[in-house]
Amino acid sequence: SFALSTSGSVAGTFAGGLPPAQVDASATLTLPYLVRPFSGLERGLVDARTRYAARWVAARRDLLRIVIRSRVELGAQLELRHSTRTTSFLDLLDLNLSDPDTLGGFEQDYLSIIQDPVEREFLLDDYTRPQINNALRYTLRSTTANLFRRDRGYVREISVETGGNLLYLFDRFVFSPDSLEGTLPSIIDGADLEYRPYLRLRADARQYVPLSRRTTLAFKAIVGVALPTGDAPVVPFDRRFYIGGATSVRGWALRTLGPGVAEQEGAFVQGGDLKLELAAEGRTVLVRNLFKANWSAALFADAGNVWLGPRNPGDDAGRFFADQFYRQLALSAGYGLRIGWEFLVVRFDLAYRVREPQPGAPWFPDGLRSPLFHFGIGQAF
């Protein structure tokens, strides 16, 4: 099958300038078999597919104070279904080329809070200079849950990813033999393309326990590690871990938590090299078939944080220490409403900060009168 798609979005108002916006176009070709030389892997499989994908994105993101003039992504993936429960995904090619720049206010909101000159330099690399990245990724997924209803069963997923290695070979043996530049010749504005080799591991486990026909307990645990393997002491900014938001630790807005006990204003642009996220949620149906939907109440609690790795030049306040990290877990809790049709789940949540990661922070620092509101489509997890 071959699919072409385009989409665009605008959020916010025109007050004070242009609103955040994004436009993208993509093309996907899916073949119902594995291409050579991988066709021999089909033996014993329930199903197999090969996917080729290309995507172009341009975006203005005022929340991050950046504009993406262009981003091109190319991918080739093998899907190997071992059984009705277990599937492997092998991303042979995941190549992206990004050309970012900053908007007004970036220096005041983000750069000014970073005091270390080395850290500032890498921050400028992330958000002002063209970058190229490639990845080779293996993902193993096992699931018995209905991914739409999520009312019983489980979802388990583990992935191992290495990035920048192909670009390293081009740098080392093609463009600059016998030397290592850390960049490739550019096709954008005459500036060299930066790349950063890295290794990334992520494990995600979700369990759904039905207590009755109306009530389900849901649990989630996510652990992630991303470490640089080249000369640069940081991984690409889009392969770091972020936390906070409608499907994460809900007492914090999107990407505003951590790293560690560092000032939260830096979380948007810093991210982390390590991540731990935990959540529990109880959902019970209150009213059935009202406007052809089931109306459910939810109670939830979330915990987690991200940290900087040992090579990251960031401040020690954001660094991971084995004897301290458990004291730096942020906690939030709240309640919500779920409206579920056969084809759609609409979610409303009110979340309270229970405990901030900073030492000596009081319980319920914002009180119980200022919850953070979240709206979402689908279950939170």
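Residues numbered from 1 in each chain as written. Predicted model: local features only at pLDDT ≥ 70, side-chain atom pairs only at ≥ 80, totals over all residues. Heavy atoms only, no water.

Peer 1: Could you give an account of the overall build of the protein, with specific residues and numbers?
Peer 2: The number of helices and strands found in the protein is four helices and 16 strands. Against the compact-globule benchmark of 21 Å for 381 residues, the protein has a radius of gyration of 22 Å, which places it among compact chains. Overall, the C-alpha framework of the protein stretches about 65 × 55 × 50 Å when taken along its three principal axes. Sorting the 381 residues of the protein into buried and exposed places 44% on the buried side. Long-range contacts, defined as pairs at least 24 residues apart, comprise 64% of the intrachain contacts of the protein with a sequence gap of at least 6. As displayed, the protein offers around 19300 Å² of accessible surface, 60% of which is attributable to carbon and sulfur atoms. One finds the centroid of the 44 positive side-chain charges in the protein at a distance of 11 Å from the centroid of its 42 negative side-chain charges. (Helix = DSSP H or I, 4+ residues; strand = E, 2+ residues; numbered from the N terminus. Rg over C-alpha atoms; globule rule 2.2 N^0.38 Å. Buried < 20%, exposed > 50% of the residue type's maximum accessible area, 1.4 Å probe, protein only. Contact = heavy atoms within 4.5 Å. Areas by Shrake-Rupley, 256 points an atom, 1.4 Å probe, with all protein chains shown as cover. Lys, Arg positive; Asp, Glu negative; His and termini not counted. Charge placed at Lys NZ, Arg CZ, Asp CG, Glu CD.)

Peer 1: An account of the packing of aromatic side chains is needed here, citing residue identities and associated values.
Peer 2: The tally for this structure, following the rule as stated, stands at ten aromatic pairs. Taking 5.6 Å as the distance between ring centres and 85 degrees as the angle between the ring planes, the aromatic pair formed by Trp-307 and Phe-320 counts as edge-to-face. Here the residue Trp-307 occupies a position in strand E13 (residues 293-307), and Phe-320 occupies one in the loop between E13 and strand E14 (330-340), the gap between them amounting to 13 residues. One aromatic cluster is present, built from ring pairs that chain together Trp-307, Phe-320, Phe-325 and Tyr-326. Just above the ring of Phe-173 sits the side chain of Arg-172; from NZ or CZ to the centre is 5.2 Å. The aromatic ring of Tyr-242 is capped on one face by Arg-255, whose charged end is 3.8 Å from the ring centroid. (Phe/Tyr/Trp six-rings, centres within 6.5 Å; stacked < 30°, edge-to-face > 60°. Lys NZ or Arg CZ within 6 Å of the ring centre and 35° of its normal.)

Peer 1: Can you explain the pairing of strand E15 (residues 345-355)? Please cite residues and give values.
Peer 2: For E15, a buried count of eight out of eleven residues is recorded, marking the element as mostly surrounded by other parts of the structure. By the bridge criterion, ten bridges tie E14 to E15 in an arrangement that is antiparallel. Directly across from Leu-337, in E15, lies its bridge partner Phe-348. Counting the residues that bridge the hairpin from E14 to E15 gives four residues. Bridging between E15 and strand E16 (residues 372-377) involves six bridges; their strand directions are antiparallel. Bridging from a neighbouring strand, Val-346 pairs with Ile-377 of E16. (Pairing = 2+ DSSP bridges.)

Peer 1: Residue-level account of the environment of Leu-34, with values.
Peer 2: Here Leu-34 is to be found in the loop between strand E2 (21-31) and strand E3 (47-61). On the accessibility criterion, Leu-34 (2% relative accessible area) is buried. As a C-alpha pair, Leu-34 and Thr-50 span 16 residues in sequence and 5.4 Å in three-dimensional space. Ignoring sequence-local partners within four residues, the contact set of Leu-34 consists of Ser-39, Leu-41, Glu-42, Leu-45, Ala-48, Arg-49, Thr-50, Leu-78, Glu-79 and Leu-80.

Peer 1: Tell me about unusual backbone geometry, and name the residues and values.
Peer 2: Residue Arg-36 is joined to Pro-37 through a cis peptide bond whose omega torsion reads 5 degrees. For Pro-37, the location among the structural elements is in the loop between E2 and E3. Of note, the amide linkage connecting Gly-258 to Pro-259 takes the cis form, showing an omega dihedral of 0 degrees. One non-glycine residue, Asn-289, lies in the positive phi region at around 55 degrees. With respect to the helices and strands, the residue Asn-289 is situated in strand E12 (residues 274-290). Residues other than glycine seldom take positive phi values, yet Phe-291 does so here, at roughly 55 degrees. Structurally, Phe-291 can be placed in the loop between E12 and E13.

Peer 1: If you had to explain the pattern of salt bridges to someone new, which residues and values would you point to?
Peer 2: Inspection of every chain in the model, using the stated rule, returns 31 salt bridges. Across the salt bridge formed by Asp-204 and Arg-202, the nearest N and O atoms sit 3.3 Å from each other. A relative accessible area of 9% places Asp-204 in the buried class. Classification of Arg-202 as partly exposed rests on a relative accessible area of 22%. Arg-250 is the partner of Asp-349 in a salt bridge, and the nearest nitrogen-oxygen pair spans 3.2 Å. Taken together, the residues span a long stretch of sequence, with Asp-349 in strand E15 and Arg-250 in the loop between strand E11 (215-228) and helix H4 (267-270) at a distance of 99 residues. (Salt bridge = Lys/Arg side-chain N within 4 Å of Asp/Glu carboxyl O.)

Peer 1: Talk me through helix H2 (residues 117-128); I want residue IDs and the actual numbers.
Peer 2: Taking 1.5 Å as the rise per residue, H2 with twelve residues should run 16 Å; its terminal C-alpha atoms sit 16 Å apart, in good agreement. Every buried residue of H2 is listed here: Glu-119, Phe-122, Leu-123, Asp-125, Asp-126 and Tyr-127. (Expected span 1.5 Å × (residues − 1).)

Peer 1: Got a sec to walk through the environment of Pro-197? Specific residues and values, please.
Peer 2: As for its placement among the helices and strands, Pro-197 is situated in the loop between strand E9 (191-194) and strand E10 (198-210). Assessed through its relative accessible area of 10%, Pro-197 is described here as buried. Counting along the chain gives 61 residues from Pro-197 to Leu-136, while the straight-line C-alpha distance between them is 11 Å. In contact with Pro-197, other than residues within four places in its own chain, are Gly-163, Gly-164, Asn-165, Pro-228, Thr-229 and Gly-230.

Peer 1: So what's going on with the nonpolar core? Which residues, and what values?
Peer 2: Formed by Ala-135, Tyr-198, Ala-226, Val-235, Phe-241, Ile-243, Val-249, Trp-252, Leu-257, Val-306 and Ala-330, the largest nonpolar core amounts to eleven residues. Of all hydrophobic cores here, the second largest spans ten residues; its members include Ile-114, Leu-123, Tyr-127 and Phe-237. (Core = buried A, V, L, I, M, F, W, Y, C linked by side-chain atoms within 4.5 Å.)

Peer 1: How would you sum up the side chain of Arg-71? Please name residues and give values.
Peer 2: Along the chain, Arg-71 falls in strand E4 (residues 66-81). Of note is the side chain of Arg-71, whose polar atom sits 2.8 Å from the side chain of Glu-73. At a separation of 2.7 Å, a polar atom in the side chain of Arg-71 contacts the side chain of Asp-238. Apart from residues no more than four positions distant in its own chain, Arg-71 is found in contact with Arg-55, Trp-56, Val-57, Asn-96, Leu-97, Ser-98 and Asp-238. (Polar contact = N/O pair within 3.5 Å; in protein donor to acceptor, adjacent residues only side chain to side chain.)

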